[in-house]
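A closer look at the structure
Residue strings, one per chain:
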Amino acid sequence: MKNVKKINVIEKNIKKHIQKIFKKRDFENENAKIRTKTLKDDKKVLVLGISGGADSVALLHMLYSLKKKYKWKLIVAHVNHQLRGKESDLDAEFVKNLARKMNLPYEEKTVDLKKYALGKIISKNSNSKKHTLKKLTQKQNLEEAGRELRYDFFNSLRKKHKADWIVLAHHANDNIETMIMNLMRGASVTGLKGMSFARKNILRPFISVKKKEILDYIKKNKLSFREDQTNFDATFTRNYIRWEILPRLAKIQPKYETLLMREQRYFKELDDFLKKISHKWLESNIEPMNHKGISEKFNFENKNTKIRTKTLKNDEFRGHGSGLSEAREEWGEKGVSEKNTAKKMDTIIIKQESFLDIDFFLQKEILKRIFIKMRGSTKGLSQKQIHEVMMLIKKGKTGKKKLFGSCAVDLSYGFISFQKNLKKNADNKKISKNSFFYHENTCNVIKKTQLLIPGKTIIETSKKCYFDEKNIIIETKLLSPAPLREKDISKKMYRKGIIYLDFDRIKKNIWIRSWKPGDKIKPLGLTGSKKIQNIFVDKKIPRNQRKKIPIFISASEKIIAIGNFMIHDEFKITPKTKHILELLIV
């Protein structure tokens, strides 16, 4: 009698827990802004991932028992991986029969997982078939491929049925195993918090329910289920942890489940805190980009422009640490303001001095968040790469570059530029693994265009070299002033970034193009010419910005002006000037 009473209490707690999760208004996914109403008042369509094992059968049975009360529409989904031959087919048949008995829609995907995983490995490796087959024997490749396959299938069903949620049967013990696996992989706070109750479109109602409680529920309700023998194969990492490590841990600390679940809650709170302060720092320290995709710190319309970026007090960030996580996650809705970012950013620039002024551990967290913002997840990023980038920034040598996962980092004159590697240059040619797509000689950003005088000229940019470029607009006016006095001439040299040229000396058409190595100009007041490349260096213009600056040339290819911050001495305004060309880059 005592055991029956205990089982009833467990079942009541599980149901209460499920209802609480489904009613929860503020889920952990900050991006989605999920505001679900209680299911009493709001019908929901749920795609249930059912393998046929004890956990998923218990989940299906419990949700079905609550279906009528909350007016849910349940769709049963099963993936047959064909790993165990006839046994895999019997699993699929078992789940299909369950759905039929409950009169629920049933969706199935059958795929040879070994072939699928092998195909993925071949696509990623150009090595020999022998090496590829060797990699396939590493069981984690099957685990990862299987997980990817299932999630893709469930998401396709969610779209097909316009479902609200994908519901999975992961439980507390699964989460503990995940935590240990992530720890061994070198994950940090985000990985150690384990799986979430709710994330994006996925719900895990059993995530704080122990395996023993699920088995008690199965026993009490006399539910049949299928036992997957591969779950006992200790060559799989997760199974080794389950059958070899955790039983020994239980001998040391019988209450390890409760204690580790408590630690996961702590890591979640810590991870949320680190996200908050890193987002706050980035929001204040990412350099704003103008409409041409050029950092405003290199805005040549006004060379005296003051830096408007606010830097938060260093004390706010002292003593907080984080590292790389295996988890895939978005930046978060309260990250960098919409003014300076799109959903994902292709270029992020921050000040080196501001970055070095914060705590070492927060630096790692910020690098991780930058990568997530550019790539959507931390996939392809390692702790080693983060460390190498941190050392690069610490040394602070201008012109140094480093691969950063599938992105790249460039150090230029006190600024750190992070850019997404597009893998192809303007000629659609693949760039080698150790190349950087934004190298100064990979492409011409500005196509050669004739300047309309007077009028407005739209300069088309070439194929994507760096990120999505907007066209550059140049406005010109012809002024015919009375004879100028000396003080008038100095005023007409520069005015809010506008440049003025002696149009009579130019005589013919003006063209615009990108800078080329070897280009020279005779700056105002100098007797000799100077390479434009050296001028860029003197003015601390980053390499990846140089091809974006319009170069104005005459019909004979003589350089007339560089952007709107330097003109050729030959074309300056003098007291004899009759026609002045006013030039403004919008």
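Note: the structure precedes this text.
This section reports on the structure supplied with the text.

Rules and cut-offs
Residues numbered from 1 in each chain as written. Predicted model: local features only at pLDDT ≥ 70, side-chain atom pairs only at ≥ 80, totals over all residues. Heavy atoms only, no water. Pairing = 2+ DSSP bridges. Helix = DSSP H or I, 4+ residues; strand = E, 2+ residues; numbered from the N terminus. Axes fitted to C-alpha atoms, helices over the stretch in contact; angles between N-to-C directions. Contact = heavy atoms within 4.5 Å. Core = buried A, V, L, I, M, F, W, Y, C linked by side-chain atoms within 4.5 Å. Buried < 20%, exposed > 50% of the residue type's maximum accessible area, 1.4 Å probe, protein only. Expected span 1.5 Å × (residues − 1). Bend = angle between axes of the 7 residues up to and from the residue. Left-handed = near helix turned anticlockwise from the far one by under 90°. Nonpolar A, V, L, I, M, F, W, Y, C, P; charged D, E, K, R; others polar. Phe/Tyr/Trp six-rings, centres within 6.5 Å; stacked < 30°, edge-to-face > 60°. Lys NZ or Arg CZ within 6 Å of the ring centre and 35° of its normal. Polar contact = N/O pair within 3.5 Å; in protein donor to acceptor, adjacent residues only side chain to side chain. Salt bridge = Lys/Arg side-chain N within 4 Å of Asp/Glu carboxyl O. Parallel < 35°, antiparallel > 145°, perpendicular 65-115°, else oblique.

Right, let's talk about the sheet that holds strand β8 (residues 401-404) for a bit. Whenever strands of a sheet pair, they do so through backbone hydrogen bonds, lying parallel or antiparallel. The strand order across the open sheet built from 4 strands is β7-β10-β9-β8, with neighbouring strands paired in antiparallel fashion. Where the open sheet ends on each side, the last strands, each with one partner, are β7 (347-351) and β8. Ignoring strand direction, the axes of neighbouring strands in this sheet form an average angle of 20 degrees. Sheet analysis places β7 next to strand β10 (residues 415-420), joined by 5 bridges and oriented antiparallel. Bridged to Ile348 within β10 is Phe418. Here helix α14 (residues 383-395) sits on the sheet in contact with β8, β9 (407-412) and β10, set at roughly 160 degrees to β8.

Glancing now at the nonpolar core. Counting 41 residues, the largest nonpolar core has Ile350, Leu367, Phe404 and Phe418 as its most contacted members. In terms of residue count, helix α11 (residues 256-285) provides more of this core than any other element does, 8 residues in total. Setting aside residues no more than four positions away along its own chain, Leu367 makes contact with Phe355, Ile386, Val389, Met390, Ile393, Phe404 and Phe418. By size, the runner-up hydrophobic cluster in this structure holds 32 residues, among which are Tyr70, Val95, Ala99 and Val209.

Turning to helix α2 (residues 54-70), a few remarks are in order. With 17 residues, α2 extends 24 Å from end C-alpha to end C-alpha; this agrees with the ideal 24 Å at 1.5 Å per step. Of all bends in α2, the biggest is about 25 degrees, found at Tyr64. The set of residues buried in α2 consists of Ala54, Asp55, Ser56, Val57, Ala58, Leu59, Leu60, Met62, Leu63, Leu66 and Tyr70.

A few words on the packing of helix α13 (residues 360-375) against α14. The contact between α13 and α14 brings their axes to 10 Å, and the two run at 115 degrees. In this structure, α13 meets α14 at a crossing whose hand is right-handed. Residue-level inspection shows Phe360, Gln363, Lys364 and Leu367 of α13 in contact with α14, the latter providing Ile386, Val389, Met390 and Ile393. Across the contact of α13 with α14, the residue classes tally to 6 nonpolar, 1 polar and 1 charged.

Scanning the entire structure with this criterion turns up 9 aromatic pairs. For the pair Phe371 and Phe404, a centre-to-centre distance of 5.4 Å together with 85 degrees between the ring planes defines the contact as edge-to-face. Of the two residues, Phe371 is situated in helix α13 and Phe404 in strand β8; the sequence distance between them amounts to 33 residues. Judged on exposure class, the residue Phe371 and its partner Phe404 are both buried. An aromatic cluster is defined as three or more aromatic residues linked by ring pairs; in this entry it consists of Phe371, Phe404 and Phe418. Lying over the aromatic face of Tyr151, Arg147 brings its terminal NZ or CZ to 4.6 Å of the ring centre.

So, about α13. Compared with an ideal rise of 1.5 Å per residue, which puts 16 residues at 22 Å, α13 spans 23 Å between its outermost C-alpha atoms and is within 8% of the ideal. For α13, the tally of buried residues reaches 13 of 16 residues, placing the bulk of the element in the interior. Of the residues that open α13, the one with a side-chain oxygen 2.8 Å from the backbone nitrogen of Phe361 is Asp359.

Turning our attention to the sheet that holds strand β3 (residues 106-110). Strands sit in the order β3-β2-β1-β4-β6-β5 across an open sheet of 6 strands; the sheet is mixed. Both edges of this open sheet fall to β3 and β5 (198-199), since each of them pairs with a single strand only. Of the pairings in the sheet, the one linking β5 to strand β6 (residues 202-203) comprises 2 bridges and is antiparallel in character. Counted as the bridge partner of Ala198 is Leu203 from β6. Sitting on the sheet, α2 is in contact with β1 (45-49), β2 (73-80) and β4 (165-167), with an inclination near 165 degrees to β2.

The subject of this paragraph is the pattern of salt bridges. A side chain of one charge can pair with a side chain of the opposite charge when the charged atoms of the two come close. Scanning the entire structure with this criterion turns up 26 salt bridges. Measuring nitrogen to oxygen at the nearest pair gives 3.8 Å for the salt bridge that ties Lys456 to Glu475. Of this pair, Lys456 sits in strand β12 (residues 455-459) while Glu475 sits in strand β13 (residues 472-479), and the two are 19 residues apart along the sequence. Note that Asp519 and Arg513 form a salt bridge whose closest N and O atoms lie 2.9 Å from each other.

Our focus in this paragraph is unusual backbone geometry. With the exception of glycine, the majority of residues adopt a negative phi angle, and the majority of peptide bonds are in the trans configuration. With an omega of -15 degrees, the peptide bond between Ile453 and Pro454 qualifies as cis. With a phi angle near 50 degrees, Lys162 is a residue other than glycine that sits in the positive phi range. Position of Lys162 relative to the elements: it lies in the loop between α6 (139-160) and β4.

One can find Lys547 in the loop between α18 (543-546) and β19 (551-554). For Lys547, a relative accessible area of 5% puts it in the buried group. Within the structure, Lys547 has its side chain in polar contact with the backbone oxygen of Trp515 (distance 3.3 Å).

Before going further, it helps to spend a moment on the packing of α11 against α13. Across the interface, α11 lies against α13 with an axial gap of 10 Å and an inter-helix angle of 75 degrees. With respect to their mutual orientation, α11 and α13 come out roughly perpendicular. On α13, the residues that touch Asp271, Leu274, Lys275, Ile277, Ser278, His279, Trp281 and Leu282 of α11 are Leu362, Glu365, Ile366, Arg369 and Ile370. Here the contact of α11 with α13 is built from residues that sort into 7 nonpolar, 2 polar and 4 charged.

The subject of this paragraph is the pairing of β1. Across a regular strand the side chains alternate sides, sitting on one face of the sheet and then on the other. Taking burial as the measure, the 5 residues of β1 include 5 buried ones, the bulk of the element. Side chains of β1 alternate between two faces, with Val45, Val47 and Gly49 and Leu46 and Leu48 buried alike. As judged from the 5 bridges shared by β1 and β2, these two strands associate in the parallel manner. What sits directly across from Val47, in β2, is Ile75.

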